[in-house]
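Summary of structural features
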Amino acid sequence: MHDLLATLYYWLKAGHIIFVIFWMAGLFMLPRLFVYHQEAAPDSPENAAWIDRERKLLKIILMPSIVVVWVLGLLLAYATGAWSQGWFHAKLLLVLGLSGYHGYLSAYAGKLARGERTLTGKQLRLLNEVPGIAVALIVVLVIIKPF
């Protein structure tokens, strides 16, 4: 198995990076959709359209992307022996955090669909910064491997 993964290493890496980009794009987009959604009147056709857009983003882009990112990332970790490296543990912790953030956004989409608007536009705009900070840290960890 290890030899097969070593042979496919560059394909696994390319796929991992591609799906990370898809996942991050969705994580940047969803809180922005929430801001616009909350500006719509609760029982309006516009509100229903935002619910549909958010659902599609979650089901078509975000869910498949997070699954592929995790599968390819774990295969890459196994193929490269990353499990024994400190930078990888830090990266893994950040990716777990992003996965939790993804889950939180999914739950908030459900709240919005039920008409519950518990966050302000400002809070949603601040939430939009989370993936950017995490990605910057992850890229530094992967490229620099500081420990």
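Residues numbered from 1 in each chain as written. Predicted model: local features only at pLDDT ≥ 70, side-chain atom pairs only at ≥ 80, totals over all residues. Heavy atoms only, no water.

**Points about the layout of surface pockets**
The condition that has to hold: Think of a 1 Å grid over the protein atoms and nothing else: a 1.4 Å probe that fits but is trapped marks a cavity, an open set flanked by protein within 12 Å on at least five of seven lines marks a pocket, and residues with an atom within 4 Å of a point count as lining. Grid points are joined across faces, edges and corners, and a volume is the space filled by probe spheres set on the points. Only DSSP runs of H or I covering at least 4 residues are called helices, and only runs of E covering at least 2 are called strands; the numbering of each starts at the N terminus. Basically, the charged four are Asp, Glu, Lys and Arg, the nonpolar ten are Ala, Val, Leu, Ile, Met, Phe, Trp, Tyr, Cys and Pro, and anything else, Gly included, counts as polar.
When its volume is computed, the largest pocket comes out at roughly 780 Å³. Along the walls of the largest pocket sit 29 residues, with His16, Ile17, Lys91, Ile138 and Val142 positioned nearest its centre. Contributing elements (two or more residues each) for the lining of the largest pocket: helix H2 (9-39), helix H3 (45-80), helix H4 (86-113) and helix H6 (130-144). Broken down by element, the lining of the largest pocket gets its largest block of residues, eight residues, from H2. Taken together, the residues that form the lining of the largest pocket break down as 22 nonpolar, four polar and three charged.

**Description of the packing of H2 against H6**
Test applied: Here an axis means a line fitted to C-alpha atoms, over the contact stretch when the element is a helix, while the angle between two N-to-C directions is reported on a 0 to 180 degree scale. Roughly parallel covers angles under 35 degrees, roughly antiparallel covers those over 145, roughly perpendicular covers 65 to 115, and oblique covers all other angles. The contact rule is simple, with two residues in contact once any of their heavy atoms fall within 4.5 Å.
Remark: H2 packs on H6, axes separated minimally by 9 Å, with the N-to-C direction vectors making an angle of 150 degrees. Regarding the angle of H2 to H6, the classification is roughly antiparallel. From H2, Met24, Leu27 and Phe28 reach across to H6, where they touch Pro131, Gly132 and Val135. Its residues assigned to classes, the contact of H2 with H6 shows five nonpolar, one polar and no charged.

**Points about unusual backbone geometry**
A positive phi angle, close to 50 degrees, is found at Lys145, a residue other than glycine. Considering the arrangement of structural elements, one finds Lys145 in the segment after H6.

**As for the side chain of Ser99**
Inclusion rule: Only protein chains enter the accessibility calculation, which uses a 1.4 Å probe. A residue is then buried if its area is under 20% of the maximum for its type, exposed if over 50%, and partly exposed in between.
Tracing the chain through its elements places Ser99 in helix H4. Assessed through its relative accessible area of 17%, Ser99 is described here as buried.

**Description of the packing of H2 against H3**
Stated formally: Less than a right angle of anticlockwise turn of the near helix away from the far helix marks a crossing as left-handed, whereas a clockwise turn marks it as right-handed.
Where H2 contacts H3, the axes come no closer than 7 Å and their chain directions differ by 155 degrees. By the angle between their directions, the pair H2 and H3 is classed as roughly antiparallel. Crossing hand, H2 versus H3: left-handed. Residues of the contact of H2 with H3, tallied by class, amount to 24 nonpolar, eight polar and three charged.

**Remarks on a nonpolar patch on the surface**
Quick reminder of the rule: In this scheme, patches are assembled from residues that exceed 30% relative accessible area and form no salt bridge. Like charges are connected within 9 Å, while nonpolar side chains (Val, Leu, Ile, Met, Phe, Trp, Tyr) are connected within 5 Å. Computed by Shrake-Rupley with a 1.4 Å probe, the accessible areas treat only the displayed protein chains as cover when residues are assessed. For this analysis, a salt bridge means a side-chain nitrogen from Lys or Arg found within 4 Å of a carboxyl oxygen belonging to Asp or Glu.
On the surface, Met1, Leu4, Leu8, Trp11, Leu74, Tyr78 and Trp83 cluster together into a nonpolar patch covering about 800 Å² of accessible area. Here Trp83 shows up in the loop between H3 and H4.

**Section: the packing of aromatic side chains**
This is how the line gets drawn: Aromatic pairing here means that ring centres of Phe, Tyr or Trp (its six-membered ring) are within 6.5 Å. Orientation follows from the plane angle: under 30 degrees is stacked, over 60 is edge-to-face, and everything else is tilted. Any Lys NZ or Arg CZ found within 6 Å of a ring centre and within 35 degrees of that ring's normal is scored as a charge over the ring.
All chains considered together, the criterion is met by six aromatic pairs. For the pair Tyr36 and Trp50, a centre-to-centre distance of 5.8 Å together with 35 degrees between the ring planes defines the contact as tilted. On the criterion of sequence distance, the pair formed by Tyr36 in helix H2 and Trp50 in helix H3 is long-range, its members being 14 residues apart. Owing to a relative accessible area of 36%, Tyr36 belongs among the partly exposed residues under this scheme. Three or more aromatic residues joined by ring pairs form one cluster here, namely Trp83, Trp87 and Phe88. Between the NZ or CZ atom of Arg53 and the centre of the ring of Trp50, over which it lies, the distance is 4.3 Å.

**A few points about the nonpolar core**
Defined as follows: What makes a nonpolar core is a set of buried Ala, Val, Leu, Ile, Met, Phe, Trp, Tyr and Cys residues whose side-chain atoms join them at distances within 4.5 Å.
By size, the foremost hydrophobic cluster in this structure holds 26 residues, and its most contacted members are Trp23, Leu27, Leu30, Phe34, Leu62, Leu98 and Leu124. Secondary structure elements with two or more residues in this core: H2, H3, H4, helix H5 (121-127) and H6. The residues contacting Leu27, other than those within four sequence positions of it, are Leu62, Leu98, Tyr101, His102, Leu105, Asn128 and Pro131. In terms of nonpolar packing, the next biggest core, distinct from the first, is built from six residues, Ala82, Phe88, Leu92 and Leu141 among them.

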